[in-house]
Amino acid sequence: CGIVQDSMDDPSPQAVRLKGDPMLSLVASIHLNEAMEQYIDRDKKGGDHSLSLAYVRATILGLRKKVDKQWVEWVEDQIEWIKSNPGVPPNGKRAGIFASFSRFPVYLDHIVVCCREGKNASYTPDFANTQVVSYYLQKMAGGLLESLRVCAERETTDQQYAANVMRMENTYYFSQQMKERGAEMTNLFQKQLTKASAVCKQSTDAYLGWMIKREFKALHALFSQISRIRRDVGDKDVPIHIPRATFVKTLQKESNRDVMKEKIATIYARMEKHLSEEGKLLPVAWKALVKVLYEWFGRWEKLSSQCYKHVLEPSAVDVVRLAKQVGGGSSVAKQKLNSAVESIKMARLAASGGAAGKIGQTAVMLKMLKAQQAAKTQQAAPSS
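Keep in mind the model is a prediction, meaning the values are calculated, not measured.

Reading the values: the criteria
Residues numbered from 1 in each chain as written. Predicted model: local features only at pLDDT ≥ 70, side-chain atom pairs only at ≥ 80, totals over all residues. Heavy atoms only, no water. Helix = DSSP H or I, 4+ residues; strand = E, 2+ residues; numbered from the N terminus. Buried < 20%, exposed > 50% of the residue type's maximum accessible area, 1.4 Å probe, protein only. Contact = heavy atoms within 4.5 Å. Areas by Shrake-Rupley, 256 points an atom, 1.4 Å probe, with all protein chains shown as cover. Phe/Tyr/Trp six-rings, centres within 6.5 Å; stacked < 30°, edge-to-face > 60°. Lys NZ or Arg CZ within 6 Å of the ring centre and 35° of its normal. Axes fitted to C-alpha atoms, helices over the stretch in contact; angles between N-to-C directions. Parallel < 35°, antiparallel > 145°, perpendicular 65-115°, else oblique. Left-handed = near helix turned anticlockwise from the far one by under 90°. Core = buried A, V, L, I, M, F, W, Y, C linked by side-chain atoms within 4.5 Å. Arc of directions from axis to C-beta. Salt bridge = Lys/Arg side-chain N within 4 Å of Asp/Glu carboxyl O. Polar contact = N/O pair within 3.5 Å; in protein donor to acceptor, adjacent residues only side chain to side chain.

## Section: the overall build of the protein chain
Helix and strand counts for the protein chain come out as 16 helices and 0 strands. In the protein chain, buried positions account for 42% of the 384 residues. Contacts spanning at least 24 positions in sequence make up 75% of the contacts within the protein chain whose residues lie at least 6 apart. Summed over its atoms, the accessible surface of the protein chain is roughly 21,300 Å², and 53% of this surface lies on carbon and sulfur atoms.

What follows is the structure, encoded as structure tokens:
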């Protein structure tokens with residue numbers, strides 16, 4: 001009934017302690033709580049009528065305490081299982097959506113289905129006003145976020161990118177799953193959703209910054225140095241410290257259109273490898289990265305113009321177009337871009353010469369021909 005792996009033959013103390021049906025206990029608690037509302041002396045008649053209602057309420061409350069105790073014990077065991085982070089690799093790389101995160105929304109759906117049994121299809125249990133249920137469901141959700149924090153911060157987890165990837169993927173997944181289940185769930189888990197959103201934004205910003213710095217290392221170092229010098233001596237004296245010839249030479253090598261195509265394609269391929277399909281974060285993360293690329297190249301464009309009167313090519317707008325072509329264009333457009341990238345690599349190998357260069361050139365040519373053939377086949381296929 002829950003998110004822990006069911007194990008009927010498990011002799012562990014955890015399995016032995018749970019003797020009742022936790023889902024039945026939870027559904028009973030919710031319905032008993034709703035039933036209590038029917039036995040309140042709203043007209044304040046007093047006398048025997050009021051005493052009778054009070055007796056019924058006391059009986060219902062006694063029953064509810066028993067089923068609450070059974071379900072709460074089960075929830076505590078669920079939280080212990082969540083803390084164990086089952087299935088998460090020690091280094092955190094390509095962890096994807098944690099098993100606990102993926103099962104929690106399914107459990108919530110199961111609760112709703114069980115509570116609707118025998119009632120109208122439009123009935124939705126009022127979790128928020130059922131104090132014990134509300135508290136422990138939120139405690140379980142909080143346990144998910146805490147287990148994610150511990151997992152991301154442990155010594156064995158890769159801190160370059162894996163820690164941020166697992167944070168952004170799982171918090172994004174949690175937020176989307178709760179929102180898809182409507183206002184009842186978003187209101188119930190408002191505190192956890194706010195925290196998840198903040199963690200997701202922080203980790204996404206860190207991950208995207210790492211990706212861009214890694215691929216555009218020379219450009220980032222160059223413009224970071226220019227920014228520091230500019231703060232100290234002003235725009236006019238920057239060329240004294242970094243000569244214009246050095247500046248232009250670096251741009252020609254690191255920022256020409258062909259190199260940009262290759263680097264952006266490499267970033268997309270790396271992001272595609274890091275993010276899981278289940279998390280459905282790739283389109284969102286790529287859109288965010290395109291925005292960051294525009295901001296960074298926009299700043300670099302401005303520095304280039306102010307300090308050297310040099311027009312940065314490709315411009316920030318051109319970089320965005322290239323990035324959108326990689327991440328948001330049609331598959332045929334992506335094939336064309338990949339072919340162009342392979343052509344660039346082939347030209348470099350040819351320029352290097354030698355036997356190794358010729359072998360590499362042949363391999364790239366074969367790869368390029370396959371990509372072109374695939375593009376032609378897709379264009380010729382009838383649209384459905």
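From this point, things continue past the structure.
## Structural notes on the packing of aromatic side chains
Applying the stated rule across the entire model yields 15 aromatic pairs. Ring centres of Tyr-135 and Tyr-136 lie 4.9 Å apart, and the angle between their planes is 85°; on these two criteria the pair is classed as edge-to-face. Look at Phe-216 and Phe-297: their rings are 5.4 Å apart centre to centre, the planes differ by 85°, and that puts the pair in the edge-to-face class. Placement of the pair is Phe-216 in the loop between helix H8 (190-215) and helix H9 (217-233) and Phe-297 in helix H13 (residues 282-308), with a sequence separation of 81 residues. Per residue, the accessibility class of Phe-216 equals that of Phe-297, and both read buried. A connected cluster of aromatic rings, assembled from ring pairs, spans Phe-216, Phe-223, Phe-247, Trp-296, Phe-297, Trp-300 and Tyr-308. Positioned above the aromatic ring of Tyr-123, the side-chain terminus of Lys-119 is 5.1 Å from the ring centre.

## Concerning the packing of helix H5 (residues 131-153) against H8
Contact geometry for H5 and H8: axes closest at 9 Å, N-to-C directions at 15°. With respect to their mutual orientation, H5 and H8 come out roughly parallel. Between H5 and H8 lies a crossing of left-handed hand. Only Gln-192, Lys-195 and Ala-196 of H8 make contact with H5, whose side of the interface consists of Gln-138, Ala-141, Gly-142 and Leu-145.

## Description of the nonpolar core
If you look at the biggest cluster of nonpolar residues, it comprises 49 residues, and the most contacted ones within it are Phe-216, Phe-223, Ile-226, Met-271, Trp-286 and Phe-297. Listed by contribution, the elements that provide at least two residues to this core are helix H6 (162-180), H8, H9, helix H11 (244-254), helix H12 (257-274), H13 and helix H14 (316-327). Element by element, the count of residues in this core is highest for H13, at 13 residues. In contact with Phe-216, other than residues within four places in its own chain, are Met-260, Lys-263, Ile-264, Ile-267, Leu-293, Phe-297 and Trp-300. Counting residues in hydrophobic clusters, the runner-up holds 44 residues, among them Ala-95, Val-112, Cys-115 and Ala-152.

## Thoughts on H11
Three or more residues of H11 are buried, namely Phe-247, Val-248, Leu-251 and Glu-254. Buried residues of H11, seen end-on, are gathered within an arc of 150° and therefore sit on one face of the element. Of the exposed residues in H11, those oriented more than 90 degrees away from the buried face are Ala-245, Lys-249, Gln-252 and Lys-253. Looking at the buried residues of H11, the elements they touch are H9, H12 and H13.

## A word on the pattern of salt bridges
Throughout the structure, instances matching the rule amount to 11 salt bridges. Measuring nitrogen to oxygen at the nearest pair gives 2.8 Å for the salt bridge that ties Glu-153 to Arg-149. One end of the pair is Glu-153 and the other is Arg-149, both in helix H5 and 4 residues apart, which spans about a single turn. Judged by its relative accessible area of 46%, Glu-153 falls in the partly exposed class.

## With respect to the side chain of Thr-157
Here Thr-157 shows up in the loop between H5 and H6. Looking at Thr-157, its side chain comes within polar contact range of the side chain of Arg-154, at 3.2 Å.

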